[in-house]
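# Structure at a glance
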Amino acid sequence: MPQQQRIVVASGKGGVGKSTVSACLAQEMARRGHRVLLIDCDIGLRSLDLMLGVDEHVLFTWADVVLNRCELSQAIMLRGDLHLLCAPLQPEHALRDDMLQKLVRSCPQYDTVIIDAPAGIGFGFRMACLAANRALIVTTPDPICVRTVSTAARQLFKFGCKDIRLIVNRFHRQNALHGRLMMIDDIIDFTETQLIGVIPQETRLFMETANGAPLREGVVLQSIRRIAARLDGEAVPLVIPQSE
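Residues numbered from 1 in each chain as written. Predicted model: local features only at pLDDT ≥ 70, side-chain atom pairs only at ≥ 80, totals over all residues. Heavy atoms only, no water.

### What to know about the environment of aspartate 97
As for its placement among the helices and strands, aspartate 97 is situated in the loop between strand S4 (82-85) and helix H5 (99-105). Note on aspartate 97: relative accessible area 26%, which makes it partly exposed. On a C-alpha basis, the gap between aspartate 97 and aspartate 81 in space is 29 Å, while along the polypeptide they are 16 residues apart. At 3.1 Å, the side chain of aspartate 97 forms a polar contact with the side chain of arginine 126. (Helix = DSSP H or I, 4+ residues; strand = E, 2+ residues; numbered from the N terminus. Buried < 20%, exposed > 50% of the residue type's maximum accessible area, 1.4 Å probe, protein only. Polar contact = N/O pair within 3.5 Å; in protein donor to acceptor, adjacent residues only side chain to side chain.)

### Examining the packing of helix H7 (residues 143-158) against helix H9 (residues 184-191)
Their axes nearest at 9 Å, the elements H7 and H9 cross at an angle of 35°. In this structure, H7 meets H9 at a crossing whose hand is right-handed. Contact residues: Val146, Arg147, Val149 and Ser150 in H7; Ile187, Phe190 and Thr191 in H9. Along the lines of polarity and charge, the residues of the contact of H7 with H9 split into four nonpolar, two polar and one charged. (Axes fitted to C-alpha atoms, helices over the stretch in contact; angles between N-to-C directions. Left-handed = near helix turned anticlockwise from the far one by under 90°. Contact = heavy atoms within 4.5 Å. Nonpolar A, V, L, I, M, F, W, Y, C, P; charged D, E, K, R; others polar.)

### As for the sheet that holds strand S7 (residues 164-171)
Across the sheet, eight strands lie side by side as S3-S4-S2-S5-S1-S6-S7-S8; this open sheet has mixed pairing. Both edges of this open sheet fall to strand S3 (77-79) and strand S8 (194-200), since each of them pairs with a single strand only. With strand direction ignored, the average angle separating the axes of adjacent strands in the sheet is 25°. Relative to strand S6 (residues 134-139), strand S1 (residues 5-10) runs parallel, the two sharing four bridges. (Pairing = 2+ DSSP bridges.)

### Re the packing of helix H1 (residues 18-31) against helix H11 (residues 219-231)
Here H1 crosses H11 at 60°, and the two axes come no closer than 9 Å. Considering how the two elements wind past one another, H1 and H11 form a crossing that is right-handed. Residues Cys24, Leu25, Glu28, Met29 and Arg31 of H1 form the contact with H11, whose own contacting residues are Leu221, Ile224, Arg225, Ile227, Ala228 and Leu231. Considering only residue class, the contact of H1 with H11 consists of eight nonpolar, no polar and three charged.

### Describing H11
With 13 residues, H11 ought to run about 18 Å at 1.5 Å a step, and its terminal C-alpha atoms sit 19 Å apart, in line with that. Where burial is concerned, most of H11 is hidden: ten out of the 13 residues are buried. Listing the buried residues of H11 in full gives Val219, Val220, Leu221, Ser223, Ile224, Ile227, Ala228, Ala229, Arg230 and Leu231. Immediately downstream of H11, the backbone of glycine 233 shows phi near 85°, a positive value. (Expected span 1.5 Å × (residues − 1).)

What follows is the structure in C-alpha cells.
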C-alpha cells in the first residue's frame, strides 16, 4: 500500500491565502482520484467550512473525535468527493499536541490528508506539523512574509518534517520587476526552500472562495493543478504565470 501523504499547509504570518490554497489544492487532489481528507487546524478561527459552503451543517469537529465525544463519521463534512474535518470554534484545554497525529494515522482510508495549519508557530502550528510528513509553506512576495516563512520552515524541520516545499502566492510579475515585490529567485534564496509552485495575483479568487463558490477556470486553477501534479511526482515544467 502506498504511504499516506500527510501534507501540512503552513505560513509564518496570516493573510497570505494559506487556507484558500489548502481548499483549492484539496479539491484538485480529489479530482485527480485521491481519497482526500482536509483538516482545518485553526482553532477558534476556522474558515474552511465557509469556503466549502458547509458551515450550516457542522455539528462536530475533529476535537470532538479525539476527545471521544463522537465518531469520525459524525464529524466528517462532505463537499463532493472531498472530506472535511473542521476545527473547534473555542480552545479545548484537554487537547495535546500529539492528538491530531494519532487521529490522522488512524485514517488509512485516506491516501492524502491536507492539514491547514494556523498562522504563527504556536500550539496549533505544532499540532499540525507533528501530524504531517510533507509541508507546503505559503508566502506572498513581500519581505515581512518571506522572513516569517523562513522561521516557520526552521520550525517544521525541528519537528521532523524534512520534505518542505515553497508556494509563492499572489505573485504579480510587473510589481516584482518594478521592485515593489520580491523576485522569485530572491524568495527561494532567502527561505532556502525548494519551490513547488507560483500562484498569480487574482482579485476575484478572494470573493469566490469567501462565498463557497467553486474555483473557475483561469491562471490560478492552472497553477493549483501544476502543484497537485508535482505532489503526485509528475515532471511538470515550472511556469511563472501572468496575473489576470
